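Observations on the model geometry
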Amino acid sequence: MKKEAWFGISIMALVVIGVFWMMPPLSQWTNGHLGLLMLAMIVIAIMLGFPTAFTLMGMGSMFAFFAYYSDNPNTAVVHTFDLVSQRAFAVMNNDVLISIPLFVFMGYLVERANLIGRLFKSLHLATSRIPGSLAVATVITCAIFATATGIIGACVTLMGLLAFPAMLKAGYSTRLSAGVVTAGGTLGILIPPSVLLILYGATAGVSVVQLYAGAFLPGFMLTGLYLGYIIISAKLKPSIAPPLSEEDQRVDLPKFAEVISKKSNNVMVGLIGAIKGQRNADVPMKTLVNHMIIAILPALAAALIVLVVYLWTTAPSLVDTSGLQVMGDAATEITEDSTDTGSLQEPEGAGGLAEPSAELGQAAQVVPAAPEAPQPPAEVKPATPAAPEAPPRHAPPLVFWITFGIVAAGVILFYAIFDFVRLEVFKMLLGSFFPLALIILGVLGTIVVGLATPTEAAAMGSFGGFVLAAAYKQLNFTVVKESVFLTAKTSAMVCWLFIGSSIFAAAFALLGGQEIINTWVKSMDMTPTQFMLLAQAIIFLLGWPLEWTEIIVIFMPIFIPLLAHFGIDPLFFGLLVALNLQTAFLSPPVAMAAFYLKGVAPPHVTLNQIFIGMLPFMAIQMLAIFLLYMFPQIGLWVPGLVYKG
Amino acid sequence: MQKLLLTIDKISTYAGQAFSWLIVSLTFLITYEVFTRYAMDAPHAWAFDIMLQMYGTLFMMAGAYTLSKNGMVRGDVLYGFFPQRVQAALDLTLYILFFLPGVAALCWAGYYYAGDSWRILEHSGITAEGPPIYHFKTIIPVAGAFILVQGFVEVVRCILCLKDGKWPSRIQDVEEVDVEKLKATVHVTDEDIAKLDEYVTHGKGGDK
């Protein structure tokens, strides 16, 4: 046997000795001690590698029988059977877990739409001027793709095949490249819609909606910290991430764009000039108009954001569905209207609702300077309240004007630098980045705003996955069949585990193991901070030998009842646990991400190099946990905002 | 013997795969329900129960299938390092110690549980005048029986492995991370990867 095996066995032996050393003499054993013994046994049995679901089920039903037997030998069998079947049926009837197969299915479908290559290419072109651009693009690609699919292994493998070679060829250091791919690939664990949060919600009885709302900012914060680290280290030490060569940054322009860009490199000036004048007979009008429509999309999006903020900040005190309905209507109106003006190409005459976008576009081409900025606000005021409205609205608060100023300045700046190369990149993003972002935001948005339950949103997401795969011509019977089978296997794995663990947890509670732990922890007289640190440290350590599913379903039920005693919000605790368990994916020697990458890396990239590359990112994760702990508002702000009551 | 094992594998697989398709109908049912509720303002009272029954049936019946493909999550700290004979011995012990009693209890308990439900022709209590659920409860013993039979197959596999020193083969199935397939989708070949080595060993940005 290898030395790793001996190492593991000796750890197990230590656990056994430790348990027996802590236990009172055999004669003083109570049922509670039997429960503790059960807990120790389960850790050992899991480490031995037997399918965890059945270990839990078998051990749980046996110990439940003991517990009932010590109570009343005659009814023990009946009670045990009742317990087992009721627990199984509860999982089958669980309206939280039902989202798991749906989200998993959505993930497989989105993965098969095969967007990752395009996504990476367009993002790397879009970020090509930033230091460490390839690494930045990798992290963003991973964040989006892993979030939409939730399949860590596939994400790391695919990025190992696409981004890793690109970075090595561009002269990036092996360590940085490996670290970026592995760290980015594991982001999907935390950023919703993630299965981990559903499982935690089902175990801890915390609303999945709130968990999703809460995990959003920490996820973004972590991504932002990664990006910050990459950019700063690329700036300080260009040798580990040299800037891209001119050739790598080149974007081939289509023919018509080359013609027009000779006149003016700015998209708006160039396109309007080309459409108005008759000078470019060789460029079909349709191409021009199509590109014009694409070019004004950002302005439309900006107008939409302003509109939403306006409606939200000025909403009559009661936010109800009718308000949302109006918002949707107004949005469609504005889109239709502005598309019209877009094709008409009469910026001066563009009236009504499309005012802001056309106005901004115009402002940008005439004088791309700040003095224009205060002008548009005057225009938008009569434009927005056009939506039919019964109750009187509040006057727009300062927040609205600040948002408006920022968005307007952003749009002006954007159009000022919007040249034909950027238009090409934008078109590529439109074909890869935005569909995925839209699916994620659509699913999350409806959940968080409260329009749909997680289950409904997940089903809509799966449906969106179908549409996405069809749109990219990847939808065929084999793809659907494979996604269906994989979904069944993954769901069966998670849900059977849940059956096992709920039988186990019931037995543990019956034996009174929980009470022993509770009194023991309370007798230690810890402050909430100490308890939190201890709990997170235990979870972190468990993350080495165990999978996150096992940690959530077996150990969370032990921690959750203690939270109330220390006055810790289970929602906040869940967010910390999610961040913590994500770290486990990156902590050697069992970091799964590293092994996935090793599987597709060139032979001379050693596991040690990958591990060393992951360390800075692991440190960043620790920093993120620390930040979240110090400033709980990062996680609790959004749920508090959405659920004021 | 191997032939019998593979036949049972196949039965588990077909049964599991047949029920897997419920995910598609689940997706469309909920999408339809969302549409009728929000767009046409005509929700169906039965929809919630039917969704749960589809989901429950789906994962319960896929259990034996997942087991037959070795897809149940294992703690893989040590297991992978053991020689195959040791793996088989451990598995065999634990199958007899935990799996058989646990799953047998589930089958047996489920049998009585479903029987009670049939006797009173139980209907769901989640919504008023809910749909019947006795057939849904029957899934527990049925799925349990499938898993139990598959468990016996796994026990025989362990014994065969103890005898031969290596695991008997299984039928191939789709895998979540199929490296070869992923390579094909992004058009990367093994030579491409091998070629990259020069950047690693002589690259200007290498770790020295």
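Before reading further, recall that the structure is shown in the block above.
Predicted model only: the values in this text are computed from it and were never measured.

This part takes up the overall build of chain A. Within chain A one finds 29 helices and zero strands. By the burial criterion, 57% of the 645 residues in chain A qualify as buried. Carbon and sulfur atoms form 67% of the exposed surface of chain A, whose accessible area is close to 26100 Å².

Helices and strands together make up the secondary structure of chain B, namely eight helices and zero strands. Starting at the N terminus and walking to the C terminus, you meet the elements of chain B as α-α-α-α-α-α-α-α. Taken over the C-alpha trace, chain B has a radius of gyration of 24 Å; the compact-globule value for 208 residues is 17 Å, which it surpasses by more than 25%. Structurally, chain B occupies a C-alpha span of about 75 × 55 × 30 Å along its principal axes. Put simply, 72% of the contacts in chain B that link residues at least 6 apart link residues at least 24 apart.

Listed as interface residues are 97 residues of chain A and, on the opposing side, 82 residues of chain B. For the pair chain A and chain B, the two sides together bury roughly 8000 Å², of which 78% comes from carbon and sulfur. Of all residues in chain A, Phe50, Met92 and Trp496 of chain A bury the most surface against chain B, accounting for 10% of the area lost on that side. Ionic pairing is found between Arg37 of chain B and Glu456 of chain A, a salt bridge with its closest N-O pair at 2.6 Å. Inspection of the chain A/chain B interface yields seven residue pairs in polar contact (both at pLDDT 80 or more). For the side of chain A that touches chain B, the leading source of residues is helix H22 (residues 477-511) of chain A, giving 18 residues.

Any two packed helices are characterised by how steeply their axes cross, that is the angle between the axes, and by the distance between the axes. Residues and elements named next belong to chain A. Where helix H3 (residues 52-71) contacts helix H4 (residues 76-92), the axes come no closer than 9 Å and their chain directions differ by 140°. Viewed along their axes, H3 and H4 adopt a mutual orientation that is oblique. The element H3 and its partner H4 pack so that their crossing is right-handed. Counting all contacts with H3, which are made through Ser61, Ala64, Phe65, Tyr68 and Tyr69, the residues of H4 involved are Ala76, Val77, His79, Thr80, Leu83 and Val84. Residues of the contact of H3 with H4, tallied by class, amount to eight nonpolar, three polar and no charged.

With that out of the way, let us pick up the packing of aromatic side chains. In the structure shown here, the tally under the stated rule is 31 aromatic pairs over all chains. Geometrically, the ring pair formed by Phe103 of chain A and Tyr212 of chain A is edge-to-face, given 6.2 Å between the ring centres and 65° between the ring planes. Pair noted here: Phe103 of chain A is in helix H5 (residues 99-112) and Tyr212 of chain A is in helix H11 (residues 208-236), with a separation of 109 residues, a long-range link. Of the residues examined, Phe103 of chain A reaches a relative accessible area of 5% and is grouped as buried. Considering the side-chain rings of Tyr226 of chain A and Phe617 of chain A, the 5.2 Å spacing of their centres and the 80° angle between planes classify their relative orientation as edge-to-face. With Tyr226 of chain A in helix H11 and Phe617 of chain A in helix H28 (residues 607-630), this pair connects stretches of sequence that are 391 residues apart. No difference in accessibility class separates Tyr226 of chain A from Phe617 of chain A, as the two residues are buried. Directly above the ring of Phe89 of chain A sits Lys137 of chain B, whose terminal nitrogen or CZ lies 4.9 Å from the centroid. Directly above the aromatic system of Tyr113 of chain B lies the positively charged group of Lys137 of chain B, at a separation of 4.4 Å from the ring centroid.

Rules used throughout
Residues numbered from 1 in each chain as written. Chains lettered and ligands numbered in written order. Predicted model: local features only at pLDDT ≥ 70, side-chain atom pairs only at ≥ 80, totals over all residues. Heavy atoms only, no water. Helix = DSSP H or I, 4+ residues; strand = E, 2+ residues; numbered from the N terminus. Buried < 20%, exposed > 50% of the residue type's maximum accessible area, 1.4 Å probe, protein only. Areas by Shrake-Rupley, 256 points an atom, 1.4 Å probe, with all protein chains shown as cover. Rg over C-alpha atoms; globule rule 2.2 N^0.38 Å. Contact = heavy atoms within 4.5 Å. Buried area = accessible area lost by both parts, 1.4 Å probe. Salt bridge = Lys/Arg side-chain N within 4 Å of Asp/Glu carboxyl O. Polar contact = N/O pair within 3.5 Å; in protein donor to acceptor, adjacent residues only side chain to side chain. Axes fitted to C-alpha atoms, helices over the stretch in contact; angles between N-to-C directions. Parallel < 35°, antiparallel > 145°, perpendicular 65-115°, else oblique. Left-handed = near helix turned anticlockwise from the far one by under 90°. Nonpolar A, V, L, I, M, F, W, Y, C, P; charged D, E, K, R; others polar. Phe/Tyr/Trp six-rings, centres within 6.5 Å; stacked < 30°, edge-to-face > 60°. Lys NZ or Arg CZ within 6 Å of the ring centre and 35° of its normal.

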